[in-house]
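Report on the structure
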Amino acid sequence: MKNSIKLIRVSLFSILLLLFSVYVIVEYVDSMKIRLVIFIILFVLTAIVAVILLRSSKCAASRIIMLDVLTIVIFVGLLGSFAKKLMAINEMQRAFEGNNGFSFSYSKNIGDKGYEDIDSAVADAIDYRKKTTNQNELEEIYRVQTGEKIFIYFKESENIVEFEFFRQNDLYYSYGSKLLIYYGVGSSDRYTAEETIRKDIANTMWRGFESKEVGVPAWGVSTDEKIFSMTINERKVDDVIQIDEKDGKKYYFWITTNTGEIETIEDVKEATIQL
């Protein structure tokens, strides 16, 4: 019985330690190869420590108590990290409201495999999304490259999906996707065009704020035909494309990387939007 309890405690510690390690690696290491190497090293070290703790009888009680303390510390750290992300999203929801809805589904582990060309990476990301969402109709409407990052946009039923890719060591990797719902959730015209645009800016640039990345595009969907002349901080948007028409209402996809030094949530609040 004692051995079973010891096994559970050591296993719990090992799992939480690996989860925390993966979180830190993903957040602070960009290279896929380096991530893999670090994870393998940490996995081996964790396995060795777990075996030593399970097989050693000397000072077993004090070691296990120390292990329990470390387990609690790691668990609290993980909860704190996730809570911080949720608070950032909730801050946007409180600060900005508009006629479009959003779903964040970024996942770096999709991109563990590199491809020699961007089209193969895109095909892999689309296949992954189809399998996980049962959505089969994806129509590409736009793609833009900023530095080593490539952003590709698809119309998916009544949504817009952004796929993000990056190039590293002559290979292309998929970072993940982000979903904008432009009717259904956002079918009402409760909010003004400017309010919706401001919310779209905050949500589509959110990961850039979090990771301090520059060049993250701002984009969204509007039903206001004045969108073709829209400026953000007196800078004209890059492009506007009509993507749909329903019940006599036209929907326009707009995008820009020319946001005028918008780098924080506060910058979004203070941005000058003119239609």
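Below or above, wherever it landed, is the structure these notes cover. (Residues numbered from 1 in each chain as written. Predicted model: local features only at pLDDT ≥ 70, side-chain atom pairs only at ≥ 80, totals over all residues. Heavy atoms only, no water.)

**A closer look at the overall build of the protein chain**
- For the protein chain, the helix and strand inventory stands at seven helices and 11 strands.
- Across the 275 residues that make up the protein chain, the buried fraction comes to 44%.
- For the protein chain, contacts bridging at least 24 residues in sequence account for 66% of all contacts bridging at least 6.
- Of the roughly 15,200 Å² that the protein chain leaves accessible, carbon and sulfur atoms contribute 56%. (Helix = DSSP H or I, 4+ residues; strand = E, 2+ residues; numbered from the N terminus. Buried < 20%, exposed > 50% of the residue type's maximum accessible area, 1.4 Å probe, protein only. Contact = heavy atoms within 4.5 Å. Areas by Shrake-Rupley, 256 points an atom, 1.4 Å probe, with all protein chains shown as cover.)

**Thoughts on the nonpolar core**
- Core analysis: the largest hydrophobic core is formed by 19 residues, its most contacted members being I201, M230, W254 and I262.
- When residues of this core are traced back to their parent elements, those giving at least two are α5 (193-204), β10 (249-256) and α7 (265-270).
- In terms of residue count, the dominant contributor to this core is α5 (three residues).
- Listed in part, the 16 residues of the second largest apolar core include I150, I152, V161 and Y172. (Core = buried A, V, L, I, M, F, W, Y, C linked by side-chain atoms within 4.5 Å.)

**Observations concerning the sheet that holds strand β7 (residues 231-232)**
- Strand order in the open sheet formed by three strands is β8-β7-β11, and the pairing between neighbours is antiparallel. At either margin of the open sheet sits one strand with a lone partner, and together these are β8 (235-236) and β11 (273-274).
- Judged from the two bridges that link them, β7 and β11 form a sheet pairing that is antiparallel. Residue pairing for β11: T231 is matched across the bridge by Q274. (Pairing = 2+ DSSP bridges.)

**Some details on unusual backbone geometry**
- If you check the backbone angles, N169 has positive phi at about 55° while not being a glycine.
- Mapped onto the secondary structure, N169 falls in the loop between β4 (159-168) and β5 (171-181).
- Residue classification places N169 among the exposed positions, given a relative accessible area of 51%.
- Of note, the phi angle at N233 is positive, near 55°, even though the residue is not glycine.
- Structurally, N233 can be placed in the loop between β7 and β8.
- Residue class for N233 comes out partly exposed when judged on its relative accessible area of 23%.

**Describing the sheet that holds β10**
- Ordered by their spatial adjacency, three strands build an open sheet running β6-β10-β9, and the pairing between neighbours is antiparallel. The outermost strands of the open sheet, each flanked by one partner alone, are β6 (218-222) and β9 (239-246). Taken pair by pair, the neighbouring strands of this sheet meet at an average axis angle of 15°, ignoring direction.
- Bridge count between β9 and β10: seven bridges; the pairing is antiparallel. Across the sheet, the residue bridging to D239 is I255, located in β10.
- On the sheet, α5 packs against β6 and β10 and is oriented at approximately 145° with respect to β6. (Axes fitted to C-alpha atoms, helices over the stretch in contact; angles between N-to-C directions.)

**Thoughts on the side chain of E156**
- Within the secondary structure, E156 is located in strand β3 (residues 149-156).
- On the basis of relative accessible area, E156 is assigned to the buried category, the value being 1%.
- Side-chain polar atoms of E156 contact the side chain of R129, separated by 2.8 Å.
- Setting aside its immediate chain neighbours within four residues, E156 contacts R129, T133, Q135, E137, L138, V161 and L179. (Polar contact = N/O pair within 3.5 Å; in protein donor to acceptor, adjacent residues only side chain to side chain.)

**Observations concerning the packing of aromatic side chains**
- Under the counting rule described, the total for this entry stands at eight aromatic pairs.
- Here Y142 and F253 contribute two aromatic rings whose centre-to-centre distance is 6.2 Å and whose plane-to-plane angle is 50°, an arrangement assigned as tilted. Remark: F253 occurs in strand β10 and Y142 occurs in strand β2 (residues 138-146); sequence separation between them is 111 residues. For the pair shown, Y142 and F253 are each scored as buried.
- Every member of this aromatic cluster is reached through a ring pair, and the members are Y142, Y153, W219 and F253. (Phe/Tyr/Trp six-rings, centres within 6.5 Å; stacked < 30°, edge-to-face > 60°.)

**Observations regarding a nonpolar patch on the surface**
- Side chains of L36, V37, I40, I41, F43, V44, L45, I48 and I52 sit close together on the surface and give an oily, nonpolar patch of about 820 Å² of accessible area.
- Note on placement: V37 falls in helix α2 (residues 32-55). (Patch = residues over 30% accessible without salt bridge, like charges linked within 9 Å, V, L, I, M, F, W, Y side chains within 5 Å. Salt bridge = Lys/Arg side-chain N within 4 Å of Asp/Glu carboxyl O.)

**Focus: the pattern of salt bridges**
- Inspection of the entire model under this criterion finds eight salt bridges.
- Put simply, R143 and D119 hold a salt bridge, and the shortest N to O gap is 4.0 Å. Placement of the pair is R143 in strand β2 and D119 in helix α4 (residues 118-133), with a sequence separation of 24 residues.
- A salt bridge links R198 to E194; the nearest nitrogen and oxygen atoms lie 2.8 Å apart. Separated by four residues within a single helix, R198 and E194 lie in helix α5, roughly one turn from each other.
- The exposure class assigned to R198 is buried, which follows from its relative accessible area of 14%.

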